[in-house]
Amino acid sequence: MSAPAGSSHPAASARIPPKFGGAAVSGAAAPAGPGAGPAPHQQNVADSLSCPVMQNVQPPKSSPVVSTVLSGSSGSSSTRTPPTANHPVEPVTSVTQPSELLQQKGVDSSSTTSSASPMPNSYDALEGGSYPDMLSSSASSPAPDPAPEPDPASAPAPASAPAPVVPQPSKMAKPFGYGYPTLQPGYQNATAPLISGVQPSNPVYSGFQQYPQYPGVNQLSSSIGGLSLQSSPQPESLRPVNLTQERNILPMTPVWAPVPNLNADLKKLNCSPDSFRCTLTNIPQTQALLNKAKLPLGLLLHPFRDLTQLPVITSNTIVRCRSCRTYINPFVSFIDQRRWKCNLCYRVNDVPEEFMYNPLTRSYGEPHKRPEVQNSTVEFIASSDYMLRPPQPAVYLFVLDVSHNAVEAGYLTILCQSLLENLDKLPGDSRTRIGFMTFDSTIHFYNLQEGLSQPQMLIVSDIDDVFLPTPDSLLVNLYESKELIKDLLNALPNMFTNTRETHSALGPALQAAFKLMSPTGGRVSVFQTQLPSLGAGLLQSREDPNQRSSTKVVQHLGPATDFYKKLALDCSGQQTAVDLFLLSSQYSDLASLACMSKYSAGCIYYYPSFHYTHNPSQAEKLQKDLKRYLTRKIGFEAVMRIRCTKGLSMHTFHGNFFVRSTDLLSLANINPDAGFAVQLSIEESLTDTSLVCFQTALLYTSSKGERRIRVHTLCLPVVSSLADVYAGVDVQAAICLLANMAVDRSVSSSLSDARDALVNAVVDSLSAYGSTVSNLQHSALMAPSSLKLFPLYVLALLKQKAFRTGTSTRLDDRVYAMCQIKSQPLVHLMKMIHPNLYRIDRLTDEGAVHVNDRIVPQPPLQKLSAEKLTREGAFLMDCGSVFYIWVGKGCDNNFIEDVLGYTNFASIPQKMTHLPELDTLSSERARSFITWLRDSRPLSPILHIVKDESPAKAEFFQHLIEDRTEAAFSYYEFLLHVQQQICK
């Protein structure tokens, strides 16, 4: 059979296709930390907003203030400006970690952090370091004796950051998937060398060994850990499936995460898959076994997601392993009342006296019944030991494009209205601060100091040497200056109505925002509508519209300049995250702009063809997204570390963050919609244990100024047979991890390499499975039931905007899809990759679920193929951020009238984006089902009602991934292609 254009055909290339491999790319060193803000610049420049002429503020070139300003922007100083007088946080002269503390902790740095910020690795020692025998060694930093966390404030602060120890990569065989795509420079992290350090008190333990002296819920013998599947009847997950003959491969109900094969007690205690998932729920004993299975091994995390129930623990003593700093959890073993054994490094630790008392039962002497040991997800209120400075207040800065393009698009009206409605709901406390900047070819600051009769606009026109016109009245207390803030928000939408400014000095505006936020840290929200055209960071158009349908090379997936990445690293060093809202009608080079959010732990929102009146559905989406964005919970100055059982190691991280040391992610902000992924390898055989555990610890400052630690712990069995490995595949987690790897591969190598590597992931895993099962028909394409959806999901990924070829795709649209893949939690990413299709013109209450006094129908899932559509029906497609309702030409008029509110098919308008609230049973069922789907995600999807035979149906049909297109295989053709590759 001939391959369609854009596919990798066996005849076209030799079968040594990419396998997400390649040499590690060393990242460029991060820039030195920027200086503190300029000295107060006193000038009488306060013109009111109502004044038609604004006075430009320029520093006199000969004044002594200028030299301060210039030195302030040189990037050489590493001290922070102390908080302003009205800011009720103690002044902090320096937050740099003392060098002796860094040496004591043996901190090592990722290859990009050598001079990233004024706070190099300071949080590393704070959160607790890694295994002593994993730490970098040097003459001056021997492996330390594990000790409680030191208080950084007690040591003298040096004037500048100490040079971090640069680790040498350890020499080890590259396992399968180790170098799936190498990290982008900012994500690059070196592997710490394994050196001899503190050994656990007993060198060998067999898993969770039974200690008869002290029975309890955690006394688990190794025999009940990973129960071998070979001795029991074959599980459903291992049932062989003939993929080319099984027509209806997609189940009619949603695919749930597989439950790890653990005993009942452990299953009950294990972490929810909504927070923590592994691509393999049965961990292979050795890297050789993993290589044989040809499956990716990694974790998918949603660490800060909204939870209805979360045990919050306030205790003077947070109990942690003295060796590897693991937090006590349900999977530790109590040897007796006074000693517990760590489930990650197997060290035996003492139980602190305070831990003997259980506050829930008010009983003494039962440490195994404490909430920390009964819940795999907990949150600790942290003591001052976990602080480098007093917890920062919530600080929000809005940086707004007010060029002609922006005013024409009309987003300011929606933003200002949303802010006015949600001002009192912004997360924070009495210390919350807020500020506003606008920019076109100049930068405009707003003095909102309490006591002024109206806001004052200060214009800085020198964009080549940006300075702050006044030091302490640009970020103001939200409650003290609330009336001035409201005045400004009411005035802003009309202030620039007649502007003729077409330029955009985004780079200089961001430099000014960085200076303004550096003393405290916080969140910068940037609204941009076009390519930056002036000053630092200016960009040229790189898109050739004639290449949008290319089946060959897709260029310019990476940034055109490192300006935005460097700025993001500077921001990250000062605990500032940058969120980008791109509302563009033209190409805006999202590949370059996105770096400001990727490396500062921000998030990216994209509204193509945005216009207030011409595109009402996008305007409504912005409004709903802003409501969520402004009111959702937020964590500041956060770090996250993932620990795993000895023998396992992490080597590549995915998400929006900055790798501060080998396993410590710096997150200036953390939000509940952020997802992360990490690839794993097996460095040492796990034959001595039957269970492995993973623990993620997120240390953050809440919007109320509390230092908190959220801890999730996941426990999985270890297996020694290939069949058991296949039985435990979590196919959705695997496809999401592969998607992350493929994005990196597309940027570092090419889109075609990434596509080939995705196909080969299917070929290799099914080929490996076929070679292990002796009695299979060799002419058939077989898969274990656990992997039966793998080829379908990979085909869906190949047809997704991020990776598709031969279909017209705007470059910014493609790059945004890649950004989403890298930062979305699994549950939302899966809908993006493989949408859900339901028939909704025959909804019934059969099998319905009850949610808040509402009956929600549960129609069966349909496969994504036109053969499932009927012209007599109506179908809802859930693509995550978009809903489509396709209405067939012969759809029953009763449905059209009762649900859509029109008399017949012909009277349905072409652009319909809402379901009317009608007093009919059909309307109630349809709206109830759609509302239920909407409520399960953070951002509000747009609804498009698509008539059969309307031009808009092309977008709907693009998502029917099982069907053939001009540029891509149908599902059946794809299976034949995979089979052909296996048989070669």
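Summarised in this report is the structure supplied together with it.

Conventions and cut-offs
- Residues numbered from 1 in each chain as written.
- Predicted model: local features only at pLDDT ≥ 70, side-chain atom pairs only at ≥ 80, totals over all residues.
- Heavy atoms only, no water.
- Pairing = 2+ DSSP bridges.
- Helix = DSSP H or I, 4+ residues; strand = E, 2+ residues; numbered from the N terminus.
- Axes fitted to C-alpha atoms, helices over the stretch in contact; angles between N-to-C directions.
- Buried < 20%, exposed > 50% of the residue type's maximum accessible area, 1.4 Å probe, protein only.
- Polar contact = N/O pair within 3.5 Å; in protein donor to acceptor, adjacent residues only side chain to side chain.
- Contact = heavy atoms within 4.5 Å.
- Core = buried A, V, L, I, M, F, W, Y, C linked by side-chain atoms within 4.5 Å.
- Salt bridge = Lys/Arg side-chain N within 4 Å of Asp/Glu carboxyl O.

## Looking at the sheet that holds strand 10 (residues 348–350)
Link 1 in the chain: Taken in spatial order, the three strands of this open sheet run 8-9-10, and their pairing is antiparallel. Here the strands that pair on one side only, and so sit at the sheet edges, are strand 8 (333–336) and strand 10. Adjacent strand axes in the sheet meet at a mean angle of 35° when their direction is disregarded.
Link 2 in the chain: Sheet topology places strand 9 (residues 339–341) next to strand 10; three bridges connect them, and they run antiparallel. Residue pairing in the sheet places arginine 339 in a bridge with aspartate 350 of strand 10.

## Focus: the pairing of strand 22 (residues 635–644)
Link 1 in the chain: Burial of strand 22 is extensive: ten of the ten residues sit out of reach of the surface.
Link 2 in the chain: Here strand 22 runs beside strand 25 (residues 664–670); their pairing, made up of six bridges, is antiparallel. In the sheet register, valine 639 faces strand 25, and the bridge partner there is serine 666.
Link 3 in the chain: Two elements, strand 22 and strand 27 (residues 691–702), share eight bridges in a ladder whose sense is antiparallel. Pairing of isoleucine 642 across the sheet is with threonine 696, part of strand 27.

## Quick look at the side chain of glutamate 372
Link 1 in the chain: Topologically, glutamate 372 is positioned in helix 6 (residues 371–374).
Link 2 in the chain: Polar contacts involving the side chain of glutamate 372 include one to the side chain of arginine 370, which spans 2.9 Å.
Link 3 in the chain: Apart from the residues lying within four places of it in its own chain, the contact partners of glutamate 372 are Ile313, Ile328, Asn329, Pro330, Phe355, Val378 and Phe380.

## Some thoughts on the sheet that holds strand 6 (residues 298–301)
Link 1 in the chain: Taken together, four strands build an open sheet; the order of strands is 4-6-26-23 and the sheet is antiparallel. The sheet terminates laterally at strand 4 (276–278) and strand 23 (648–654), the two strands that pair on one side only. The mean inter-strand angle of the sheet, taken between neighbouring strand axes irrespective of direction, is 25°.
Link 2 in the chain: Taken together, the three bridges between strand 4 and strand 6 define a ladder with antiparallel strand orientation. By the bridge assignment for strand 6, arginine 277 is matched with leucine 300.

## So, the nonpolar core
Link 1 in the chain: The biggest cluster of nonpolar side chains holds 169 residues, and the ones touching the most others in it are Met437 and Phe694.
Link 2 in the chain: Setting aside its immediate chain neighbours within four residues, methionine 437 contacts Leu397, Phe398, Val399, Leu400, Ile443, His444, Phe445, Tyr446, Ala509, Ala512, Ala513 and Leu516.
Link 3 in the chain: Residues Ala406, Met457, Ile459 and Ala619 belong to the second largest nonpolar core, which totals 43 residues.

## A few points about the pattern of salt bridges
Two side chains of opposite charge can pair, provided their charged atoms sit close to one another.
Link 1 in the chain: Enumeration over the complete set of coordinates arrives at 35 salt bridges.
Link 2 in the chain: Here aspartate 673 ties to arginine 628 by a salt bridge, and the two come within 2.6 Å at their closest N and O atoms. Of the two residues, aspartate 673 is situated in the loop between strand 25 and strand 26 (676–682) and arginine 628 in helix 14 (residues 616–631); the sequence distance between them amounts to 45 residues.
Link 3 in the chain: Classification of aspartate 673 by relative accessible area gives buried; the value is 15%.
Link 4 in the chain: Residue lysine 953 is joined to aspartate 948 by a salt bridge in which the shortest nitrogen-to-oxygen separation is 3.9 Å.
Link 5 in the chain: A cluster of three or more residues bridged by salt bridges with shared partners is formed by Asp306, Arg628, Arg632, Lys633 and Asp673.

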